[in-house]
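Residue strings, one per chain:
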Amino acid sequence: MSRKGLLLFLACGIVWGIPYFFIKIAVEDFSAPTIILARTAIGALVLVPLALKRKAFIPALKKWRVVLLFALFEMIGPWWLINTAEDGHINSGLAGLLIATVPFLAMAIGYFYLGDKTAAHPKNILGLILGFAGIVLLVGIDALTHDLEVLWVGAVILAAVGYAIAPAVTAKKAPDVEMVGILSLSMAVTAVFYLVPAILNPLAPGVTTPGLDSWISLAILGAICSALAFVLFFALIREVSYSRSTLITYANTAVAILLGVFFGNEPFTIGMAVGLPLVAAGSYFASRRHT
């Protein structure tokens, strides 16, 4: 991985690792539809002017089918599935572990759909396995010991499938359209989709006046964890390829867990001490181009 690729990888790992922290704050006062609406509406407000300035808005509008597919597979479906699954059905550790299957799915999609034959090199597969083992240790074996609701485990896996499919579709169907155009339109579409649910159910149960921390969290989730995060992610795809870019799923989980340790008073376990190096080593091997 080049120096630019490494910097983009680390930046993506951070901006997509912190949403879990801020969502945890926001859900105390706001409903899931409101949080998704805020993320995408703010993201669209940030990205639409940028898309217009770069003359990427109209070309993206002409690829409206790709925009709709990206919005469905990347935002509308996965964000609802994950939010609902974690609302009393499965724990966040298991959800993070299931989402960490994205690199495996992306490797298969990259190999069969995009024709990236280097994605399935044995050393890349070894890296994926090492990284996933690290994630298991990071989230803790106890994440698997709770009573599982098979339906909602399947829902999160379906969300992971969506995460793997969405960028592959844009890479295949709209390779010449600058992603800021597709991203801005996709966020606008998702915001419109969640507008009515958010109006009907704006706040968390029992809340009448949201706190300042929750409002700040919504702003950060929209501007940084959505708008900036997606721009960085697609820059990473251009730099290191589609299948390798999804390795940020490992980094995201590591960042989220470390935030919990430093700011959420969560314990730092032996599993974390062993898991972090495994995630780093796995990401290194899986992200390299082997011949």
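Small disclaimer: the values here were computed from a predicted structure and weren't measured.

Let's shift gears to the overall build of the protein chain. In terms of regular secondary structure, the protein chain is built from 14 helices and zero strands. Going from the N terminus to the C terminus, the protein chain shows its helices and strands as α-α-α-α-α-α-α-α-α-α-α-α-α-α. The C-alpha atoms of the protein chain give 18 Å as radius of gyration, which agrees with the globular expectation for 291 residues (19 Å, within 12%). With respect to the principal axes defined by its C-alpha atoms, the protein chain has extents near 55 × 45 × 35 Å. Every one of the 291 residues in the protein chain was classed for burial, and the buried ones make up 51%. Contacts in the protein chain between residues at least 24 apart in sequence constitute 90% of all its contacts with a sequence separation of at least 6.

With that settled, the discussion passes to the pattern of salt bridges. A full pass over the atoms with the stated rule returns one salt bridge. Among the salt bridges present, the one from R54 reaches E178, with a minimum N-O distance of 2.8 Å. A residue pair is termed long-range when its members are at least 10 positions apart, and R54 in the loop between α3 (32-53) and α4 (57-62) and E178 in the loop between α9 (150-173) and α10 (179-200) qualify at 124 residues.

On to a nonpolar patch on the surface. On the surface, a cluster of nonpolar side chains totalling about 420 Å² of accessible area is made up of L195, V196, I199 and L200. Here V196 lies in helix α10.

Considered for burial, the residues of helix α2 (residues 19-26) that qualify are P19, F22 and A26. The buried residues of α2 occupy an angular sector of 70 degrees when projected down its axis, which confines them to one face. Against the buried residues of α2 lie α1 (3-15), α3 and α11 (212-240).

Judged by nonpolar contacts, the single largest core of 81 residues is most densely connected at F70, I90, I99, I135, I182, F230 and F234. What F70 contacts, discounting residues up to four positions off in sequence, is M75, A166, P167, T170, I182, L183, S186, F230 and F234. Grouped together as the second largest cluster of nonpolar side chains are ten residues, I18, I35, L221 and L259 included.

Looking now at the confidence of the model for the protein chain. Scored by pLDDT, the protein chain comes out at a mean of 86, with 93% of its residues at no less than 70. The element-level mean pLDDT for the protein chain is lowest in helix α6 (residues 92-99), coming to 74, with α10 highest at 96.

Let us now look at the side chain of T40. Structurally, T40 is set in helix α3. On the basis of relative accessibility, which here comes to 0%, the residue T40 falls in the buried class. Within the structure, T40 has its side chain in polar contact with the backbone nitrogen of A191 (distance 3.5 Å). Those residues in contact with T40, other than ones at most four positions away along the chain, are M75, W79, M187, T190 and A191.

Where helix α5 (residues 64-86) meets α9, the axes come as close as 8 Å, and the angle between the chain directions of the two elements is 160 degrees. Regarding the angle of α5 to α9, the classification is roughly antiparallel. For the crossing formed where α5 meets α9, the hand is left-handed. Considered class by class, the residues forming the contact of α5 with α9 number 20 nonpolar, three polar and two charged.

What follows concerns the state of the cysteines. In this structure the tally under the stated criterion is zero disulfides. For the unlinked cysteine C12, the closest cysteine sulfur is that of C225, found at 12 Å. A relative accessible area of 0% means that C12 is categorised as buried. Look at C225 and you get buried, because its relative accessible area is 0%.

Its location among the elements puts T246 in the loop between α12 (242-245) and α13 (248-263). Residues contacting T246, with those up to four places away along its chain left out, are V102, P103, A106 and F233.

Attention now moves to the environment of V48. Looking at where V48 falls in the secondary structure, it is placed in helix α3. The sequence separation of V48 and G181 amounts to 133 residues, and the corresponding C-alpha distance is 7.3 Å.

Calculation notes
Here the residue index of a chain counts from 1 through its sequence in written order. Where local features are concerned, this predicted model is filtered to residues with pLDDT of at least 70; where side-chain atom pairs are given and counted, the filter is 80 or more; whole-chain, interface and lining totals use all residues. Water and hydrogen atoms play no part in the side-chain values, which are based on all heavy atoms of the structure. Secondary structure elements follow DSSP: runs of H or I of four or more residues count as helices, runs of E of two or more count as strands, with numbering from the N terminus. Computation of the radius of gyration draws on C-alpha atoms, with the globule rule given as 2.2 Å multiplied by the number of residues to the power 0.38. Only protein chains enter the accessibility calculation, which uses a 1.4 Å probe. A residue is then buried if its area is under 20% of the maximum for its type, exposed if over 50%, and partly exposed in between. By definition, residues are in contact when any of their heavy atoms lie within 4.5 Å. By salt bridge we mean one thing: a side-chain nitrogen of Lys or Arg within 4 Å of a carboxyl oxygen of Asp or Glu. Candidates for patches are residues over 30% relative accessible area with no salt bridge; among them, like charges are joined within 9 Å and nonpolar side chains (Val, Leu, Ile, Met, Phe, Trp, Tyr) within 5 Å. For every accessible area listed, the method is Shrake-Rupley and the probe measures 1.4 Å; residues are considered covered only by the protein chains on display. This arc is taken over the directions from the axis of the helix to the C-beta atoms. Buried residues of nine kinds, namely Ala, Val, Leu, Ile, Met, Phe, Trp, Tyr and Cys, make up a nonpolar core once their side-chain atoms join them within 4.5 Å. pLDDT expresses, on a scale from 0 to 100, how confident the predictor is about each individual residue. The term polar contact refers here to a pair of N or O atoms within 3.5 Å; inside protein, the definition further demands a hydrogen-donor-capable atom paired with an acceptor-capable atom, and it admits residues adjacent in sequence only when both atoms are side-chain atoms. Every axis corresponds to a line fitted to the C-alpha atoms, with the helix fit spanning only the stretch in contact, and the corresponding angles, defined between N-to-C directions, vary from 0 to 180 degrees. Working rule for angles: under 35 degrees goes down as roughly parallel, over 145 as roughly antiparallel, 65 to 115 as roughly perpendicular, anything else as oblique. Crossing handedness is defined as follows: a turn of the near helix away from the far one that is anticlockwise and smaller than a right angle gives a left-handed crossing, while the clockwise case is right-handed. Polar here means any residue outside two lists: the nonpolar Ala, Val, Leu, Ile, Met, Phe, Trp, Tyr, Cys and Pro, and the charged Asp, Glu, Lys and Arg; Gly therefore counts as polar. Count a disulfide wherever a pair of cysteine sulfur atoms falls within 2.5 Å.

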